Amino acid sequence: ADEIVAKHIEAIGGKAAISQVKSLTIESSTAVMGNDAPTVTTVVDGVGYKNETDFNGMKIVQCYNDKGGWMVNPMAGAADPQPMPEDQYNQGKGQIYVGGPLYDYAAKGSKIEMMGKDANAYKIKLTSKENAETTFLIDSTSYLITTVQGKAKMQDQDVDITTKFSDYKKTDVGYMIPYTIDIDLGQFQLSIAVKKVELNKTIDPAVFQMPKPAEAPKPAM
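About the cut-offs
- Residues numbered from 1 in each chain as written.
- Predicted model: local features only at pLDDT ≥ 70, side-chain atom pairs only at ≥ 80, totals over all residues.
- Heavy atoms only, no water.
- Helix = DSSP H or I, 4+ residues; strand = E, 2+ residues; numbered from the N terminus.
- Rg over C-alpha atoms; globule rule 2.2 N^0.38 Å.
- Contact = heavy atoms within 4.5 Å.
- Areas by Shrake-Rupley, 256 points an atom, 1.4 Å probe, with all protein chains shown as cover.
- Lys, Arg positive; Asp, Glu negative; His and termini not counted.
- Charge placed at Lys NZ, Arg CZ, Asp CG, Glu CD.
- Core = buried A, V, L, I, M, F, W, Y, C linked by side-chain atoms within 4.5 Å.
- Buried < 20%, exposed > 50% of the residue type's maximum accessible area, 1.4 Å probe, protein only.
- Phe/Tyr/Trp six-rings, centres within 6.5 Å; stacked < 30°, edge-to-face > 60°.
- Lys NZ or Arg CZ within 6 Å of the ring centre and 35° of its normal.
- Salt bridge = Lys/Arg side-chain N within 4 Å of Asp/Glu carboxyl O.

**Student:** Now, about the overall build of the protein chain: what can you tell me, with residues and values included?
**Tutor:** The number of helices and strands found in the protein chain is three helices and 13 strands. Taken against the 2.2 N^0.38 rule, which gives 17 Å for 221 residues, the C-alpha radius of gyration of the protein chain at 18 Å falls within 12% of a compact globule. Counting only contacts in the protein chain whose residues sit at least 6 apart along the sequence, the fraction spanning at least 24 positions is 41%. Here the protein chain displays about 12300 Å² of accessible surface, and carbon together with sulfur accounts for 52% of that area. Computed over 23 positive and 28 negative side-chain charges, the separation of the two mean positions in the protein chain equals 3 Å.

Right, here's the structure in full:
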């Protein structure tokens, strides 16, 4: 498993390229239920990950930092920021790291094991220190990740999530990023098309902290 992961890290640019990326700003378009929603994803390595989608004038936010997570989902009746359930945070917090959860996995307290190989991909299971399990399919020719399988809770139901990655492109420093991401949540599917990637913009870490809900206006005397 370690050998496969090492080849994967080389395939996405190697440690030299990954270590040059301190922050990522990704502008994309998310196709969901027949609508195209503009999305901005911000990552500061080891500090936070924030995904903001503008869906029909409503802002949907998912945010992880090194301490916890929060979200805003007006479609689920939560227009104010809500703390993220712990199991959901544990499943997704690896996104705060540039290079992905497999990069430097042991330093993050995770373990990996080889689950076998099918026609054209190796299956590697990653177990985080919080016991969240994710399975990665790594192409046996390119050593790029093609599919990630994990679980999440939606409306208190366990849901299998399958994410497919394709159309990898090199950034200026040689770090590879997938420009097409297809997510299958069982009940519905999303397709993300990356439009623009910027590296190492200065980002205030405060953007990853949960905002306080707006206070109700005081009644006029």
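**Student:** Mind laying out the nonpolar core, listing which residues take part and the relevant values?
**Tutor:** Grouped together as the largest cluster of nonpolar side chains are 35 residues, with contacts concentrated most on Leu24, Leu102, Ile138 and Tyr175. At the level of secondary structure, the elements contributing two or more residues to this core comprise helix 1 (2–11), strand 1 (23–32), strand 8 (121–127), strand 9 (133–139), strand 10 (145–154), strand 12 (176–184) and strand 13 (189–199). When near neighbours in sequence (up to four residues on either side) are disregarded, Ile138 contacts Ile4, His8, Leu102, Asn120, Ala121, Tyr122, Ile124, Tyr143, Leu144 and Ile145. Of all hydrophobic cores here, the second largest spans ten residues; its members include Val32, Ile161, Ile181 and Ile192.

**Student:** How would you summarise the packing of aromatic side chains if you had to cite specific residues and measurements?
**Tutor:** Within the structure shown, the criterion is met by three aromatic pairs. A ring pair is formed by Tyr122 and Tyr143, whose centres lie 6.1 Å apart and whose planes are at 15°; its orientation type is stacked. Here Tyr122 is found in strand 8, whereas its partner Tyr143 is found in the loop between strand 9 and strand 10, with 21 residues between them in sequence. Considered together, Tyr122 and Tyr143 belong to a single accessibility category, that of buried residues. These aromatic residues form a ring-pair network of at least three members: Tyr49, Tyr64 and Tyr89. Its end group placed over the ring of Tyr122, Lys117 keeps NZ or CZ at 5.4 Å from the ring centre.

**Student:** Talk me through the pattern of salt bridges; I want residue IDs and the actual numbers.
**Tutor:** Counted according to the given criterion, the structure contains ten salt bridges. Residue Lys125 is joined to Glu133 by a salt bridge in which the shortest nitrogen-to-oxygen separation is 3.7 Å. Of the residues examined, Glu133 reaches a relative accessible area of 44% and is grouped as partly exposed. Here Glu198 ties to Lys196 by a salt bridge, and the two come within 3.8 Å at their closest N and O atoms. Look at Glu198 and you get partly exposed, because its relative accessible area is 24%. It is possible to trace a salt-bridge network through shared partners that takes in Glu113, Lys125 and Glu133.

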